[in-house]
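Breakdown of the fold
This is what each chain is made of:
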Amino acid sequence: MNRSTLAGLVALAVLTPSVARAQDHSHAGMSPQDHAAMQAAPAATGVTTTPADNAMLAAAPAAFSVTFPHAMTLTSLRLTGPQTVEVAVSADAAPATTVSAPLPALAPGSWSAAWTARGADGHEMSGVVRFMVH
């Protein structure tokens, strides 16, 4: 085997794992509609959101919701993307296992939603969800 063949095989061996990892994305080949319809797997805390983390949406969501394993009250919601939006949440809303807030019209682009919620016993939970509006 000559040096150029050996060098080519070494380069191929080095590149192959990264190519395989790039193609191993669990959403590869999905349409934006299929991706948007997916719910994120519940986190270890049992919290799920709509839109789901990493959702690719064909249209802007009308609301943001969080489902908890026990009753909570949404205390803050801030969207960051093409602009920053402080979403008004009801300070006197009754605790519930699913809480939501209506959203203003969102421009296409990448967004993150940072939320905080409080339980009846005073404990707080928070999270960040990233999604894209096409």
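The structure reproduced in this document is the subject of the present report. Quantities reported herein were computed from a predicted structural model and do not represent experimental measurements. (Residues numbered from 1 in each chain as written. Predicted model: local features only at pLDDT ≥ 70, side-chain atom pairs only at ≥ 80, totals over all residues. Heavy atoms only, no water.)

Section: the overall build of the protein chain
The helix and strand tally for the protein chain stands at two helices and seven strands. Sequence-ordered secondary structure for the protein chain, helices as α and strands as β, is α-α-β-β-β-β-β-β-β. A burial count over the protein chain gives 26% of its 134 residues as buried. The long-range fraction of contacts in the protein chain, counting pairs at least 24 apart against all pairs at least 6 apart in sequence, stands at 57%. Surface accessibility of the protein chain: about 8100 Å² in total, with carbon and sulfur atoms responsible for 60%. (Helix = DSSP H or I, 4+ residues; strand = E, 2+ residues; numbered from the N terminus. Buried < 20%, exposed > 50% of the residue type's maximum accessible area, 1.4 Å probe, protein only. Contact = heavy atoms within 4.5 Å. Areas by Shrake-Rupley, 256 points an atom, 1.4 Å probe, with all protein chains shown as cover.)

With respect to the environment of V133
Locating V133 in the fold gives a position in strand 7 (residues 124-133). By relative accessible area, which is 4% here, V133 ends up buried. Spatially, the C-alpha atoms of V133 and A59 are 6.0 Å apart, while their sequence positions differ by 74 residues. Dropping the residues within four chain positions of it, V133 is found in contact with L57, A59, A60, P61, L106, A107, P108, G109 and W111.

What about the pairing of strand 3 (residues 63-80)?
Here strand 1 (residues 48-50) runs beside strand 3; their pairing, made up of three bridges, is antiparallel. Within strand 3, the position partnered with T50 by the bridge is S65. Pairing between strand 3 and strand 6 (residues 109-119): eight bridges, direction antiparallel. Opposite T80, over in strand 6, you have S112 as the bridge partner. For strand 3 and strand 4 (residues 84-87), the ladder comprises four bridges, and the chain directions are antiparallel. Across the sheet, the residue bridging to L77 is V87, located in strand 4. Connecting strand 3 to the antiparallel partner strand 4 that follows it, the hairpin turn spans three residues. (Pairing = 2+ DSSP bridges.)

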